[in-house]
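# Remarks on the overall topology
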Amino acid sequence: MPTIFSKIIAKEIPATIVYQDELVTAFKDINPSAPVHILIVPNKEIASTNDVQPEDEHIMGHLFTVAKQVAKEQGVAESGYRLIINNGSDSGQEVFHLHMHLIGGRKLGPLVHKAD
Ligand code: 5GP
């Protein structure tokens, strides 16, 4: 069964797509954590980083090239931004279709909250 992100990539359900090519699609997060919150997603369904194969290296590298371009277009290349890939339960990964969060447009604070 296709993931929700595959349906967005196929334009079967709506999203604000900001970039798309044969390998990768980038679209606005539906529940943004910051003024700029873009998800950059391989068109290929890779569930998580645990499932990345050597033949996927060109896709994974391409995520960063697209991130650089999207950051510039979204106006955060100079002010700064954070790239996050959640993997598995402890990270809070909700959608098991690998994706890179590009977050910026405000001071983002510490990377990870310290445990109580
Ligand atoms: P994760 O927690 O898996 O790293 O992040 C999943 C992200 O996908 C969340 O930030 C969530 O807001 C976003 N998301 C979930 N469903 C949809 C959707 O249908 N459309 C869009 N644009 N974003 C979604």
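It should be noted that the structure appears before, not after, this text.
Residues numbered from 1 in each chain as written. Predicted model: local features only at pLDDT ≥ 70, side-chain atom pairs only at ≥ 80, totals over all residues. Heavy atoms only, no water.

## What to know about the packing of aromatic side chains
Just so we agree on the cut-off: The aromatic pairing rule takes the rings of Phe, Tyr and Trp, using the six-membered ring of Trp, and pairs them if the centres are within 6.5 Å, calling planes under 30 degrees apart stacked, those over 60 edge-to-face and the rest tilted. Runs of E in the DSSP output that reach at least two residues are strands. Runs of H or I that reach at least four are helices, and both are numbered from the N terminus. Relative accessibility thresholds used throughout: buried, under 20% of the residue-type maximum; exposed, over 50%; partly exposed, between the two (1.4 Å probe, protein chains only).
Enumeration according to the criterion identifies one aromatic pair in this entry. Each ring, one from Phe5 and one from Phe27, has its centre 5.3 Å from the other, and the planes form 70°; the classification is edge-to-face. Taken together, the residues Phe5 in helix H1 (residues 4-9) and Phe27 in strand S2 (residues 24-28) connect sequence positions 22 residues apart. Phe27 matches Phe5 in its accessibility class, with the two residues each being buried.

## Regarding helix H2 (residues 57-73)
Which entries qualify depends on this criterion: Expected helix span is taken as 1.5 Å per residue step, with the number of steps being one fewer than the number of residues. In this analysis, two residues are considered to be in contact whenever any of their non-hydrogen atoms come within 4.5 Å of each other.
The first and last C-alpha atoms of H2 sit 25 Å apart over 17 residues, in line with the 24 Å expected at 1.5 Å per residue. Along H2, the residues classified as buried are Ile59, Met60, His62, Leu63, Val66, Ala67, Val70 and Ala71. In this structure, the buried side of H2 is in contact with strand S1 (17-20), S2, strand S3 (36-42), strand S4 (81-84) and strand S5 (100-104). One or two steps after H2, the chain reaches Gly75, where phi turns positive at roughly 80°.

## Observations regarding the side chain of Asp29
As a reminder of what qualifies: Neither His nor the chain termini are counted; the positive set is Lys and Arg, and the negative set is Asp and Glu. Between Lys or Arg on one side and Asp or Glu on the other, a salt bridge is scored when a side-chain nitrogen of the former is within 4 Å of a carboxyl oxygen of the latter. Whenever a nitrogen or oxygen atom comes within 3.5 Å of another N or O atom, the pair is scored as a polar contact, on the condition that within protein one atom can donate a hydrogen and the other can accept it, and that pairs from neighbouring residues in sequence are kept only if both atoms are in side chains.
In this fold, Asp29 is placed in the loop between S2 and S3. Buried charge without a salt bridge: Asp29, with Lys28 as the nearest opposite-charge side chain at an N-O distance of 12 Å. A distance of 2.8 Å separates a polar side-chain atom of Asp29 from the backbone nitrogen of Asn31. Setting aside anything within four residues of it in sequence, one finds Asp29 in contact with His37, Ile38, Leu39 and His101.

## Section: the pairing of S2
Side-chain positions along a regular strand alternate between the two faces of the sheet. We count it as follows: Strands pair, by our definition, only if DSSP identifies at least two bridges between them.
Most of S2 sits inside the fold, with four of its five residues counted as buried. Looking at chain direction, S1 and S2 are connected through three bridges and run antiparallel. Within S2, the residue paired with Tyr19 across the bridge is Ala26. Linkage of S1 to S2, two consecutive antiparallel strands, is achieved through a turn of three residues. Where S2 lies against S3, five bridges are found, and the strand directions are antiparallel. The residue of S3 that forms the bridge with Val24 is Pro42.

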